[in-house]
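# Topology and contacts: notes
What follows is the residue order along each chain.
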Amino acid sequence: MSEAPCVFIVDDEAPVRDSLAFLIQSADLAAETFASAEDFLSYYEPYRAGCILLDIKLRSGMSGLELQQELRRREASTPVIVMTAYGDVPTSVQAMKSGAFDFLEKPFADQTLLSRVCAAIEHDAELRTLETARREARRRLSCLTPREREVMELVVSGKANKIIADILEIREKTVEVHRGHVMSKTGAGSLAELVTLAMTAARPTLV
């Protein structure tokens, strides 16, 4: 999807939601507000780019920390900026361990919030770019047969054809054929490109 980034504001106090939305929109960013974690989850789609501003002390339903944990369970990578008026160390540590991108104690300066929101959105964009590259690399490698993948893995590890033949107990000529198929099927124009492709595909999913 190519929609503009959005800042999702989850806070159970209407005046806070409204003021944050106004501030975000004043910086030419889209903002959407939610009064509870449940409201947010019923609306949220992982493909939406942006970040989440989350009050950690939601007074009804799921807590902010429980929402973070649910997002991790869903393998959502959208950065979360936790907000709280109770900036104690244990809560801060727990929020960061749950995957918070940042932690803000209320009240905070408008510029402080905006700078961290922009950093979170930039981080989200970088993650999405890397994830797109990973998926494309895996798609390109998915057409390889099991034997071709074995040959590819040995090739990208720096093994010469003769060594690969000895390891796989096949003829060197057969290795050359498989190697040609690997380059052709993946569209890699060089060994360097094939190595980059394999490394990109091997990256873990970014959550």
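Look up a bit, the structure's there.
### Comments concerning the nonpolar core
Across soluble globular proteins, nonpolar side chains show a tendency to be buried alongside one another. Val10, Phe40, Ile52, Leu67 and Leu71 are the most contacted members of the largest nonpolar core, which has 22 residues in total. Taken together, the elements giving at least two residues each to this core come down to β1 (6–10), α2 (37–43), β3 (50–55), α3 (64–73) and β4 (80–84). Apart from the residues lying within four places of it in its own chain, the contact partners of Val10 are Phe34, Ser36, Ala37, Phe40, Ile52, Leu53, Leu54, Asp55, Leu58 and Leu67. With 19 residues, the next largest nonpolar core counts Val7, Ile9, Leu114 and Ile121 among its residues.

### Concerning helix α7 (residues 161–168)
Taken residue by residue, α7 has Asn161, Ile164, Ala165 and Leu168 as its buried positions. The buried residues of α7 occupy an angular sector of 100° when the element is viewed end-on, so they sit on one face. Counted as exposed and oriented over 90 degrees from the buried face of α7: Lys162 and Asp166. Where α7 is buried, its residues touch α6 (146–156) and α8 (172–186). Where α7 terminates, the next one or two residues include Glu169, which has phi positive at roughly 60°.

### Observations concerning the side chain of Asp55
Relative to the assigned elements, Asp55 resides in strand β3. Relative accessible area serves as the criterion here: at 4%, Asp55 is assigned to the buried category. Within polar-contact distance, the side chain of Asp55 engages the backbone nitrogen of Lys57 at 3.2 Å. If we ignore the near neighbours within four places in the chain, the residues touching Asp55 are Val10, Asp11, Asp12, Gly64, Met83, Thr84 and Lys106.

### Here's the deal with α8
With 15 residues, α8 extends 21 Å from end C-alpha to end C-alpha; this agrees with the ideal 21 Å at 1.5 Å per step. Taken as a whole, α8 has its buried residues at Val175, His178, Val182 and Thr186. Looking straight down α8, one finds its buried side chains confined to an arc of 65°; they lie on one side. Within α8, the exposed residues directed more than 90 degrees away from the buried face are Lys173 and Ser184. Elements in contact with the buried residues of α8: α5 (110–141), α6, α7 and α9 (191–202). A positive backbone phi angle near 75° is found at Gly187, which sits one or two residues after α8.

Conventions we followed
- Residues numbered from 1 in each chain as written.
- Predicted model: local features only at pLDDT ≥ 70, side-chain atom pairs only at ≥ 80, totals over all residues.
- Heavy atoms only, no water.
- Core = buried A, V, L, I, M, F, W, Y, C linked by side-chain atoms within 4.5 Å.
- Buried < 20%, exposed > 50% of the residue type's maximum accessible area, 1.4 Å probe, protein only.
- Helix = DSSP H or I, 4+ residues; strand = E, 2+ residues; numbered from the N terminus.
- Contact = heavy atoms within 4.5 Å.
- Arc of directions from axis to C-beta.
- Polar contact = N/O pair within 3.5 Å; in protein donor to acceptor, adjacent residues only side chain to side chain.
- Expected span 1.5 Å × (residues − 1).

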